[in-house]
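Here's the letter readout for the chains.
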Amino acid sequence: TGAGMSAESGVPTYRGRGGIWHEYKWENYACQTAFIRNPAHVIDFHELRRIEALKCEPHVGHKIITALQTKYSNTSIVTQNIDGMHQRAGSQEVIELHGSLWRMRCDKEGKLFENLSQGKYANRKCSCGEFLRPDIIWFEDQLNESTVVNATHVISQCDLFISIGTSGVVWPAAGFQQLAKKGGAHCIEINPEKTELSYLFDDVHREPAGQVLSRLFDSLL
Ligand code: NAD
């Protein structure tokens with residue numbers, strides 16, 4: 001899943017029309033350099049994203065994915081979103097390629113702190129005194145290797161691959177359809193708009209995620 005999945009719940013996009021990067025310069029809020037320069041400023045920005053995300057609720061599409069995972073335990077969820085909407089809809093073991101707004105980490109001690117329910121950060125500093133950093137892949141960061149390995153593993157083994165609400169321009173997710181296809185999967189794209197990758201899919205549904213997922217899976221649940 002990508003930003004379009006959450007946009008249907010009202011979570012603002014970053015790049016699109018009205019996107020967050022039109023209002024805020026990422027160089028000041030979403031990279032390690034900005035965090036080193038002014039950690040409190042960067043944490044404030046992410047806290048605001050959490051507060052905004054909590055005003056939105058998972059939609060029917062998120063709930064159908066959770067129901068699918070509950071009924072078919074070999075369903076895997078790989079997302080580029082950092083907003084935790086899948087988990088709030090009850091999904092488990094979501095592979096979060098770009099990390100999570102709800103996790104903080106201490107780079108000095110390598111500790112992770114997770115809290116899915118509070119907008120405001122309970123602690124901005126680790127007990128060692130270091131500022132906690134949002135555990136998100138920021139601009140200029142490398143992806144977490146084990147997360148990419150997990151995603152690649154489940155996608156290369158799957159027999160049904162569904163891409164939902166992603167423009168397919170951000171790597172490595174942009175290569176996932178081809179990986180799934182190589183493994184023999186049937187590939188479905190759900191996106192109201194045509195993407196650069198649309199021509200590679202076996203089936204394409206040009207409607208919002210919730211609507212298509214309801215139609216495709218209601219009878220299976
Ligand atoms: P993108 O913004 O490039 O593309 C979003 C796609 O969703 C578009 O193609 C659009 O047509 C489609 N879309 C819009 N509404 C839809 C709906 N109701 N149902 C289905 N599709 C819909 O998003 P991307 O491909 O995920 O890449 C953007 C990057 O920004 C990613 O790296 C992601 O991590 C990050 N991001 C995360 C969030 C979040 O956590 N919610 C939000 C925005 C961006």
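Here, the structure is the one placed above.
These lines cover the structure that appears in this document, whether it is placed above or below. (Residues numbered from 1 in each chain as written. Predicted model: local features only at pLDDT ≥ 70, side-chain atom pairs only at ≥ 80, totals over all residues. Heavy atoms only, no water.)

### A look at the pattern of salt bridges
As enumerated under the stated definition, the model contains 15 salt bridges in all. Here Glu 47 makes a salt bridge to Arg 124, at a shortest N to O gap of 3.3 Å. Of the two residues, Glu 47 sits in helix α5 (residues 39-54) while Arg 124 sits in the loop between β4 (111-114) and β5 (133-136), which places them 77 residues apart along the sequence. Residue Glu 207 is joined to Arg 215 by a salt bridge in which the shortest nitrogen-to-oxygen separation is 2.9 Å. On the basis of relative accessibility, which here comes to 44%, the residue Arg 215 falls in the partly exposed class. Members of the salt-bridge network, linked through shared partners, are Glu 96, Arg 103, Arg 105, Asp 107, Glu 114 and Asp 135. (Salt bridge = Lys/Arg side-chain N within 4 Å of Asp/Glu carboxyl O. Helix = DSSP H or I, 4+ residues; strand = E, 2+ residues; numbered from the N terminus. Buried < 20%, exposed > 50% of the residue type's maximum accessible area, 1.4 Å probe, protein only.)

### Description of the packing of aromatic side chains
Under the definition given, this model contains 5 aromatic pairs. Ring geometry for Phe 35 against Trp 138: centres 5.7 Å apart, planes inclined by 50 degrees, an arrangement best described as tilted. Placement of Phe 35 in helix α4 (residues 32-37) and of Trp 138 in the loop between β5 and α8 (145-157) is noted, with a sequence separation of 103 residues between them. The exposure class assigned to Phe 35 is buried, which follows from its relative accessible area of 8%. Using a relative accessible area of 4% as the deciding quantity, one classes Trp 138 as buried. (Phe/Tyr/Trp six-rings, centres within 6.5 Å; stacked < 30°, edge-to-face > 60°.)

Shape is all these values report; function is a separate question.
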